[in-house]
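# Fold and geometry: a report
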Amino acid sequence: MVKLNRPHIGIFGRMNAGKSSLINVLSGQDTAVVSAVPGTTTDPVKKIMEILGVGPVTLIDTAGLDDTSELGPQRTAKTRQILDQVNLAVIVFAQEPGVYEQELAALCKQRALPFFLVHNKRDLYPAVQPVWNGAEVVEFSCLEKENAPLVEAIIRHLPHNAYSADDIFGGFVKAGDEVVLVIPIDASAPQGRLILPQVQTLRGLLDIHARGICLQPAELGGWLAKHTPRLVVTDSQAFQYVSSVVPASVPLTSFSILFSRVKGDFDLFLKSTPAIDRLQEGDKVLILESCSHSVNKCDDIGRVKIPAWLQKKTGVSLQFDVLSNLDPLPCALDSYKLAVQCGGCMVTRAQILARLRRLQEALVPVSNYGMTIAWCTGIFERVTEIFRRSVNGED
Ligand SMILES: Nc1nc2c(ncn2[C@@H]2O[C@H](COP(=O)(O)OP(=O)(O)OP(=O)(O)O)[C@@H](O)[C@H]2O)c(=O)[nH]1
Ligand SMILES: [Mg+2]
């Protein structure tokens with residue numbers, strides 16, 4: 001199993017329901033501010049805890065949805081944004097569930113977001129039905145300071161693919177296979193370490209007892225003269241050179257295409273990428289970068305290289321907007337003719353899918369970095385082939 005990024009769990013509910021108290025009991029730390037004054041938590045607050053079998057998870061405390069103070073609308077808007085960033089929602093209420101819980105449940109259902117309810121302050125109020133509108137209700141009291149019932153409910157409801165992917169190679173690589181990872185150590189490589197997709201690919205190979213051979217581009221030709229690997233996985237930026245060195249009979253793909261299956265929506269990217277050829281003079285393209293790396297002005301992938309590849313391929317001049325981190329998407333999405341999503345190694349799949357959903361609703365085709373580079377360099381069919389084959393069961 002490959003570990004993905006830390007799953008995010010949001011705690012939602014009305015003011016004073018005991019959301020912050022519950023986070024304190026769950027994490028065993030008394031750090032969230034708790035008080036009888038409604039509206040104590042005003043901004044989302046994150047806390048990390050370890051769950052056995054899952055690993056570290058991020059808990060997000062939110063402001064009460066029924067905040068009617070002057071800043072209430074801003075606070076509740078923030079709370080709703082958090083719904084787009086989590087893999088699981090926990091809806092906390094005291095006494096009885098009502099309209100706010102109904103609204104939260106509807107927002108979760110709209111997003112296909114798993115959720116369960118916690119009937120808190122059980123010490124004060126009688127138990128309610130264990131199922132409410134088809135959702136599980138866990139009886140709880142923060143006074144008991146015993147987190148086991150909540151942890152068990154989280155494990156029951158947290159989707160397995162929020163923290164692990166059984167096989168990033170989709171069954172294409174088997175035990176004993178040799179897989180070459182092409183990792184250029186150049187100016188854009190981080191100092192003294194590998195990046196997360198490279199580490200996760202190596203771990204994925206170890207998990208299935210396949211052999212990972214790490215090479216720099218210049219060493220590839222010499223190695224291939226003596227070996228025939230099952231697969232070559234390269235950094236997308238080295239596609240052109242690597243595809244000219246790897247024989248046509250050896251399957252080739254990139255880290256970002258590999259991870260688009262577990263971190264994005266492979267099929268959406270696959271069918272959207274040809275939209276590049278329909279781009280016209282002056283069209284707007286949205287580059288979606290989900291982290292905040294320091295920008296190297298000369299050769300930044302999202303700001304310089306991808307725009308240059310796209311303009312060269314289409315032969316027209318395009319306008320580019322870059323969105324970093326998890327900043328909200330622009331309002332006028334339908335003014336974009338294409339969006340290009342990064343590999344998303346610093347964010348969760350749920351966060352990427354929430355963005356993709358809005359782009360799909362606005363009918364904007366969405367590609368990703370790896371597929372866009374492959375399209376522009378004429379090797380799209382080749383580098384997506386292994387997953388088309390395993391999807392069609394041909395291999
Ligand atoms: N008796 C009892 N009191 C509780 C329980 N959980 C929380 N409280 C109390 O309820 C009050 C509100 O708790 P908070 O954890 O601050 O509630 P919250 O949902 O975070 O509230 P806001 O941040 O204002 O939205 C505090 O006085 C807590 O001590 C419980 O299980 N039983
Ligand atoms: Mg609170």
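### Comments concerning the site of ligand 1
Of all residues adjacent to ligand 1, which total 24 residues, the nearest are N16, K19, S21, G39 and C142. A distance of 2.8 Å is found between an oxygen atom of ligand 1 and a side-chain nitrogen or oxygen belonging to K19. The contact in question runs from a nitrogen atom of ligand 1 to an N or O atom on the side chain of N120, over 3.1 Å. Of the residues contributing to the shell around ligand 1, the split by class is nine nonpolar, 11 polar and four charged.

### Section: the sheet that holds strand β13 (residues 252-254)
Spatially, four strands are ordered β11-β10-β12-β13 in an open sheet, and the strand pairing comes out parallel. The open sheet has two edge strands with one neighbour each: β11 (211-215) and β13. Sheet twist, expressed as the mean angle between neighbouring strand axes with direction ignored, is 25°. By the bridge criterion, four bridges tie strand β10 (residues 178-182) to strand β12 (residues 231-234) in an arrangement that is parallel. In the strand pairing of β12, L181 is matched with V233. Packing of helix α5 (residues 196-207) onto the sheet brings it into contact with β10 and β11, and relative to β10 it is tilted by some 175°. Packing of helix α8 (residues 255-263) onto the sheet brings it into contact with β10, β12 and β13, and relative to β13 it is tilted by some 70°.

### Observations regarding the pairing of strand β14 (residues 284-288)
For β14, the tally of buried residues reaches four of five residues, placing the bulk of the element in the interior. Here five bridges tie β14 to strand β15 (residues 319-323), and the two strands are oriented parallel to one another. Looking at β15, one finds that L286 is bridged to D321.

### Notes on the nonpolar core
Ranked by size, the top nonpolar core spans 71 residues in total, and within it L286 and L359 carry the most contacts. When we break this core down by domain, the ones giving at least three residues each are domain 2 (178-259) and domain 3 (265-376). Leave out the neighbours within four places in its chain, and L286 touches D321, L323, L329, P330, L333, Y336, L338, A339, V340 and L359. In this structure, I11, L26, V54 and F140 belong to the second largest nonpolar core, which totals 27 residues.

### A closer look at the pattern of salt bridges
Where charged atoms of side chains with opposite charge meet at close range, the side chains can pair. With the rule as written, the count across this model stands at 13 salt bridges. Between R357 and D84 there is a salt bridge whose closest N-O contact spans 3.9 Å. Note that R357 is positioned in helix α11 (residues 349-361) and D84 in the loop between α2 (72-83) and β5 (88-93), a separation of 273 residues in sequence. According to the relative accessible area criterion, R357 is partly exposed, its value standing at 28%. Residue class for D84 comes out partly exposed when judged on its relative accessible area of 27%. Here E289 ties to R303 by a salt bridge, and the two come within 3.0 Å at their closest N and O atoms. Within this pair, whereas E289 is found in the loop between β14 and α10 (301-314), its partner R303 is found in helix α10, the two being separated by 14 residues in sequence. In the salt-bridge network here, residues are joined through shared partners; they are D84, R111 and R357.

### Some points on the coordination of the magnesium ion (ligand 2)
The coordination sphere of the magnesium ion (ligand 2), as far as protein atoms go, consists of S20 (OG) and T41 (OG1), spread over 2.0 to 2.1 Å. Here the residue S20 occupies a position in helix α1 (residues 19-27), and T41 occupies one in the loop between α1 and β3 (45-51), the gap between them amounting to 21 residues. For the pair S20 and T41, one class covers both residues: buried.

### What about the packing of aromatic side chains?
Think of a pair of aromatic rings as described by two things: how far the centres are apart, and how the planes are tilted against each other in angle. For the structure shown, the criterion picks out two aromatic pairs. Ring centres 5.0 Å apart and planes at 75° place the aromatic pair W375 and F380 in the edge-to-face group. Of the residues examined, W375 reaches a relative accessible area of 16% and is grouped as buried. Over the aromatic face of F172 sits the side chain of R230, whose NZ or CZ is 3.9 Å from the ring centroid. Between K284 and the ring centre of Y336, over which it is positioned, the NZ or CZ distance is 4.7 Å.

Reading the values: rules and limits
Residues numbered from 1 in each chain as written. Chains lettered and ligands numbered in written order. Predicted model: local features only at pLDDT ≥ 70, side-chain atom pairs only at ≥ 80, totals over all residues. Heavy atoms only, no water. Near = heavy atom within 4 Å. Polar contact = N/O pair within 3.5 Å; in protein donor to acceptor, adjacent residues only side chain to side chain. Nonpolar A, V, L, I, M, F, W, Y, C, P; charged D, E, K, R; others polar. Pairing = 2+ DSSP bridges. Helix = DSSP H or I, 4+ residues; strand = E, 2+ residues; numbered from the N terminus. Axes fitted to C-alpha atoms, helices over the stretch in contact; angles between N-to-C directions. Contact = heavy atoms within 4.5 Å. Buried < 20%, exposed > 50% of the residue type's maximum accessible area, 1.4 Å probe, protein only. Core = buried A, V, L, I, M, F, W, Y, C linked by side-chain atoms within 4.5 Å. Domains from an automatic or database assignment. Salt bridge = Lys/Arg side-chain N within 4 Å of Asp/Glu carboxyl O. Donors = N, O, S within 2.8 Å, 3.2 Å for Na, K, Ca; no water. Phe/Tyr/Trp six-rings, centres within 6.5 Å; stacked < 30°, edge-to-face > 60°. Lys NZ or Arg CZ within 6 Å of the ring centre and 35° of its normal.

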